[in-house]
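Structural overview
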Amino acid sequence: MEIELKYTIPDEETAKALWDNELFGLYEEKDTREEINLHAKYYDTADLDLARNDIAYRVRLENNDPVATIKWKGHSEDGLHVREEINVPADSDEPNPELFQESRMGAKLMEVIADKELKCIMETKIHRQQFRIDTGEGIYEFSVDEGEVVTECGSQPIREVEIELYSGETEEMVKIGEKLQNKYGLTSENKSKYAKGLEMIKGCE
């Protein structure tokens, strides 16, 4: 299960301030700061059968290393996103649903696709700055994302901060998020990058 907080960053200056902030003090894990490029392709049938079944299927290059992911049963409120997910290493950024065939959700994925061809319906191109936080009660990953969602119907810029729960309690993560939100004037974001792409696609059907 993936549990994370998501906030929209108002401008580039705030994004830089978030990355440079010392709000976490001694909680920041030493030597965990890194910058990575994330290029993801989201696949579906021409009829958007996966989207209609609340399933997202992507293959993402993480600094050129491909990782395949399926997500489902997602919901969000006040910037808190909760969803089921499975990640597996892949050989390329091309679709290969059989990578998930040993899981029950993988079987569902293949059932929904049936014999239809998969195509890339959107891409996300993100530069991510991230580090890890260890409060002693929980471990979280803090990320600043800047980039865009690209579809055949257009593109949309992305500038947001995410705090992902690795271990611990959601309540502590929410308190961390509230401190950031109050200090930097962030807006709770209930739409995932995938959801924003789907809105663009459906808007030009």
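Residues numbered from 1 in each chain as written. Predicted model: local features only at pLDDT ≥ 70, side-chain atom pairs only at ≥ 80, totals over all residues. Heavy atoms only, no water.

**A look at the nonpolar core**
As a reminder of what qualifies: We call a set of buried Ala, Val, Leu, Ile, Met, Phe, Trp, Tyr and Cys residues a nonpolar core when their side-chain atoms join them within 4.5 Å. The buried label goes to any residue with under 20% of its type's maximum accessible area, the exposed label to any with over 50%, and the partly exposed label to all in between, with areas taken from a 1.4 Å probe on protein chains only. Secondary structure elements follow DSSP: runs of H or I of four or more residues count as helices, runs of E of two or more count as strands, with numbering from the N terminus. The contact definition used throughout considers only heavy atoms, calling two residues in contact when any of these lie within 4.5 Å.
Judged by nonpolar contacts, the single largest core of 22 residues is most densely connected at Leu18, Phe142, Ile163, Leu180 and Leu186. Within the residue set of this core, elements represented by two or more residues are strand S1 (2–8), helix H1 (12–20), strand S6 (119–134), strand S7 (139–151), strand S8 (154–167) and helix H4 (170–184). Not counting residues within four places of it along the chain, the set of residues in contact with Leu180 comprises Leu18, Leu23, Phe24, Phe142, Ile163, Gly185 and Leu186.

**A short note on the layout of surface pockets**
Formally: Site definitions follow a grid-based scheme: protein atoms alone, a 1 Å grid, a 1.4 Å probe that fits but cannot get out for cavities, and for pockets an open set with protein on both sides within 12 Å along at least five of seven lines, plus lining residues having an atom within 4 Å of a point. Grid points are joined across faces, edges and corners, and a volume is the space filled by probe spheres set on the points. Amino acid classes used here: Ala, Val, Leu, Ile, Met, Phe, Trp, Tyr, Cys and Pro are nonpolar; Asp, Glu, Lys and Arg are charged; the rest, including Gly, are polar.
The space that makes up the largest pocket amounts to roughly 780 Å³. Lining the largest pocket are 41 residues, with Glu2, Glu4, Arg58, Lys71 and Arg83 positioned closest to its centre. Looking at which element gives the most residues to the lining of the largest pocket, the answer is strand S4 (residues 65–77), with eight residues. For the lining of the largest pocket, the class distribution of residues is 13 nonpolar, 10 polar and 18 charged. In this structure, the second largest pocket encloses a volume near 190 Å³. Forming the boundary of the second largest pocket are Thr45, Ala46, Leu48, Lys119, Cys120, Ile121, Thr151, Glu152, Cys153, Ile201, Cys204 and Glu205. Counting residues per element, the lining of the second largest pocket draws most heavily on S6, at three residues. Partitioning the lining of the second largest pocket into residue classes produces seven nonpolar, two polar and three charged.

**What to know about the pairing of strand S2 (residues 34–44)**
Here is the key point about a regular strand: its side chains alternate between the two faces of the sheet. The line we're drawing: Should DSSP find at least two bridges between two strands, the strands are taken to pair.
Across 11 bridges, S2 lies against S6 in antiparallel orientation. Bridged to Leu38 within S6 is Ile126. With six bridges connecting them, S2 and strand S3 (residues 55–62) associate as antiparallel partners. Paired with Lys41 across the strands is Val59, a residue of S3.

By themselves, these figures tell us nothing about what the structure is for.
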